[in-house]
Amino acid sequence: MPRQRWPKIPDTLPCPGGDVAVRVVSPAEIAKYADPGEELFGCFVQEQRTIFLRSTVHGEARWRVLWHELMHVGLEDSGLRNGLEHALEEALCDALTSLVMRVVYR
Ligand SMILES: [Zn+2]
């Protein structure tokens, strides 16, 4: 089976709390948003309404990271993020991302 071609990552996405910019950046640049010792593949910076994606992650993995970060946006914009324990938030984002990847890109 030929490898699926993954569409270009969009520059901007309309989200409930307003547009979110998407930027693919170098490992050094995304590291600015990491906690000490943490290796980020993506992150959503609410103050900038921007999702940063690590440039060394490609194809399906890049889309998976984008969807994961969009789930963070959804939780933030809906107010559900308030009071949500961090590990649970990450698990929710992963679970919903797996659902989307299965339904949209099967
Ligand atoms: Zn996350």
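Quick summary incoming for the structure in this document. Because the structure is predicted, anything quoted here is derived from the model rather than measured.

Focus: the pattern of salt bridges
What the rule picks out here adds up to six salt bridges. Linking aspartate 11 and lysine 8 is a salt bridge whose minimum nitrogen-to-oxygen distance equals 3.5 Å. The exposure classification of aspartate 11 matches that of lysine 8, with both residues exposed. Two residues, glutamate 39 and arginine 54, come together in a salt bridge whose shortest N-O distance is 3.5 Å. In this pair, glutamate 39 is assigned in the loop between α1 (27-30) and β3 (42-45) and arginine 54 in strand β4 (residues 50-54), connecting sequence segments 15 residues apart. For glutamate 39, a relative accessible area of 51% puts it in the exposed group. Judged by relative accessible area, arginine 54 falls into the buried class, the value being 13%. Among the charged side chains, a network of salt bridges with common partners joins Glu76, Arg81 and Glu89.

Re the side chain of glutamate 89
Among the structural elements, glutamate 89 can be located in helix α3 (residues 86-104). Note on glutamate 89: relative accessible area 2%, which makes it buried. Of note is the side chain of glutamate 89, whose polar atom sits 2.9 Å from the side chain of arginine 81. Setting aside anything within four residues of it in sequence, one finds glutamate 89 in contact with His72, Leu75, Arg81 and Leu84.

Some points on α3
Across its 19 residues, α3 extends 27 Å between first and last C-alpha, which sits within 8% of the 27 Å expected from 1.5 Å per residue. Within the span of α3, buried status applies to Glu89, Cys93, Thr97, Val100 and Met101. Buried positions in α3, seen along its axis, are confined to an arc of 100° and lie on one side of it. Exposed and oriented more than 90 degrees from the buried face of α3 are Leu99, Arg102 and Val103. In this fold, the buried residues of α3 make contact with α2 (59-78).

How each quantity is defined
Residues numbered from 1 in each chain as written. Predicted model: local features only at pLDDT ≥ 70, side-chain atom pairs only at ≥ 80, totals over all residues. Heavy atoms only, no water. Salt bridge = Lys/Arg side-chain N within 4 Å of Asp/Glu carboxyl O. Buried < 20%, exposed > 50% of the residue type's maximum accessible area, 1.4 Å probe, protein only. Helix = DSSP H or I, 4+ residues; strand = E, 2+ residues; numbered from the N terminus. Polar contact = N/O pair within 3.5 Å; in protein donor to acceptor, adjacent residues only side chain to side chain. Contact = heavy atoms within 4.5 Å. Expected span 1.5 Å × (residues − 1). Arc of directions from axis to C-beta.

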